[in-house]
Amino acid sequence: MSTIEERVKKIVAEQLGVKEEEIQNSSSFVEDLGADSLDTVELVMALEEEFETEIPDEEAEKITTVQEAVDYVNAHQ
Amino acid sequence: MSEQQVSQDLQGRVALVTGASRGIGRATALELGRRGATVIGTATSESGAQKITEGLQAAGVAGEGMALNVTDAASVETVLKAIAEKYSAPLILVNNAGITKDNLMMRMKEEEWDDVMETNLKSVYRMSKACLRAMTKARWGRIINISSVVATMGNMGQANYCAAKAGMEGFTRSLARELGSRNITVNAVAPGFIATDMTEVLPEEQKEFLVKQVPLGRLGQPEEIAAAVGFLASEPAAYITGETLHVNGGMNMR
């Protein structure tokens, strides 16, 4: 069973078309991984599907790095 | 129409056409089927859906009719889920369902305004949104909105209908910009006066007057709109997005 961190990184890699080993916990989706606004929306939707949760818009806005995504999932499991 | 060799480039794609029990929607469903797509046509009633299923079967098109109320979010969700489970998520969406509630502005009731906005415009938001996730994932999609010549010309007694159709064209351009990077094209087709139940109810005098405005001197056929939709759904139309294709016999040249 993969950890939440691994699952988040896998989704980020798939969604943004980057290699998993290039993704750090501190990586910013927009600044480091080249995401545009539509990418970040798609990313949040992919996280919602993977972790079977609904992320409200105001929360989604705050998820800008891999670590923030992991923290959000951990806090809402 | 004669048996022509038609490209089957939509083979393997699922197309969703709203308001497909008659007129332009019906012709469009058959045209997409002829191009190889599996077609889900929707109607507001079960009997309408049954009629669509029979029509598709008779034409040898894969797919079926389903009952859908485009003004009801729950109905949209149920139908999209059913399609995804039985076939696969539609990557071609034709927003065709529409109604008219004509009245001169001074007499137009709020209900007549709201009904037309709900069915003709908000439904486009609702249906498009429901189909987008699968399209962005697939990195391929076609959304084709059936507008009207009156969106640009205006028409007496149709302030609600014209506003909804003009709104639809603006929506088309915005969405085309949003989704271009995902290889999803969003276009509109604006029919002129087409021989359907919607124009059949017009008084004979008005029909004669209308035909006089058309350089080609006749009403259009539903199949002539369907052909334009089929083209926009096809691979060769991949570089066209945010466009409104006017099919009106020349009555509104620009």
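- In the annotation of an unreviewed UniProt entry, chain B is listed under the name 3-oxoacyl-[acyl-carrier-protein] reductase and assigned to Marinospirillum celere.
- A UniProt comment under Sequence similarities (unreviewed entry) is attached to chain B, and it reads "Belongs to the short-chain dehydrogenases/reductases (SDR) family."
- Taken from UniProt, the Pathway (unreviewed entry) comment for chain B reads in full: "Lipid metabolism; fatty acid biosynthesis."

- As annotated in an unreviewed UniProt entry, chain A is Acyl carrier protein from Marinospirillum celere.
- Word for word, the UniProt comment on chain A under Sequence similarities (unreviewed entry) is "Belongs to the acyl carrier protein (ACP) family."
- Reading the Function (unreviewed entry) entry of the UniProt record for chain A gives the comment "Carrier of the growing fatty acid chain in fatty acid biosynthesis."

## Focus on the UniProt feature "modified residue: O-(pantetheine 4'-phosphoryl)serine" (unreviewed entry) in chain A
And step 1. Summarizing the sequence annotation, UniProt attributes the feature "modified residue: O-(pantetheine 4'-phosphoryl)serine" (unreviewed entry) to S37 of chain A in the numbering used throughout.
And step 2. Turning to its location among the elements, S37 of chain A is positioned in helix α2 (residues 37-50).

## A closer look at the environment of H76 of chain A
Residues and elements named next belong to chain A.
And step 1. The topology assignment puts H76 in the segment after α4 (66-75).
And step 2. When its relative accessible area of 43% is taken as the criterion, H76 is described as partly exposed.
And step 3. In the structure, H76 is positioned 25 residues away from F51 in sequence and 9.4 Å away in space, judged by C-alpha atoms.

## Quick word on the packing of helix α3 (residues 73-86) of chain B against helix α4 (residues 110-138) of chain B
Residue and element names in this part refer to chain B.
And step 1. Viewed as axis vectors pointing N to C, α3 and α4 meet at an angle of 35 degrees, and their least axial separation amounts to 10 Å. In this structure, the crossing between α3 and α4 has a hand that is right-handed. Facing A73, V76 and L80 of α3, the residues of α4 in contact are R126, M127, A130 and C131.
And step 2. A breakdown of the residues in the contact of α3 with α4 according to their chemical character gives six nonpolar, no polar and one charged.

## Side note on the interface of chain B and chain A
When the parts of a complex come together, some accessible area is lost, and that lost area is often used as the size of the interface.
And step 1. The interface of chain B with chain A comprises eight residues on the first partner and eight residues on the second.
And step 2. In total, chain B and chain A occlude about 610 Å² of area from one another, counting both sides; carbon and sulfur atoms represent 34% of this.
And step 3. It is R133, R139 and R182 of chain B in chain B that bury the most area against chain A; as a group they hold 73% of the surface buried on that side.
And step 4. Between chain B and chain A we count seven salt bridges in total.
And step 5. Residue R182 of chain B is joined to D36 of chain A by a salt bridge in which the shortest nitrogen-to-oxygen separation is 3.9 Å.

## Regarding the pattern of salt bridges
And step 1. Per the stated rule, a full pass over the model turns up 21 salt bridges over all chains.
And step 2. Salt-bridge contacts for R35 of chain B lead to E31 of chain B; the nearest nitrogen and oxygen are separated by 3.1 Å. E31 of chain B matches R35 of chain B in its accessibility class, with the two residues each being buried.
And step 3. Through salt bridges that share partners, D36, D39, E42 and E49 of chain A together with R133, K137, R139 and R182 of chain B make up one connected network.

## A word on the UniProt feature "domain: Ketoreductase" (unreviewed entry) in chain B
And step 1. Those places that UniProt annotates as "domain: Ketoreductase" (unreviewed entry) correspond, in this numbering, to residues 13-197 of chain B.
And step 2. Here residues 13-197 of chain B is 51% helix and 18% strand, with 29 Å between the C-alpha atoms at its ends.

## Here we look at the side chain of T38 of chain B
And step 1. Residue position: T38 of chain B is located in strand β2 (residues 38-43).
And step 2. In this structure, T38 of chain B is in contact with R13, V14, A15, A62, G63 and Y87 of chain B, ignoring residues within four places of it in sequence.

The rules we used
- Residues numbered from 1 in each chain as written.
- Chains lettered and ligands numbered in written order.
- Predicted model: local features only at pLDDT ≥ 70, side-chain atom pairs only at ≥ 80, totals over all residues.
- Heavy atoms only, no water.
- UniProt positions renumbered as here; feature names shortened; annotations may be inferred.
- Helix = DSSP H or I, 4+ residues; strand = E, 2+ residues; numbered from the N terminus.
- Buried < 20%, exposed > 50% of the residue type's maximum accessible area, 1.4 Å probe, protein only.
- Axes fitted to C-alpha atoms, helices over the stretch in contact; angles between N-to-C directions.
- Left-handed = near helix turned anticlockwise from the far one by under 90°.
- Contact = heavy atoms within 4.5 Å.
- Nonpolar A, V, L, I, M, F, W, Y, C, P; charged D, E, K, R; others polar.
- Buried area = accessible area lost by both parts, 1.4 Å probe.
- Salt bridge = Lys/Arg side-chain N within 4 Å of Asp/Glu carboxyl O.

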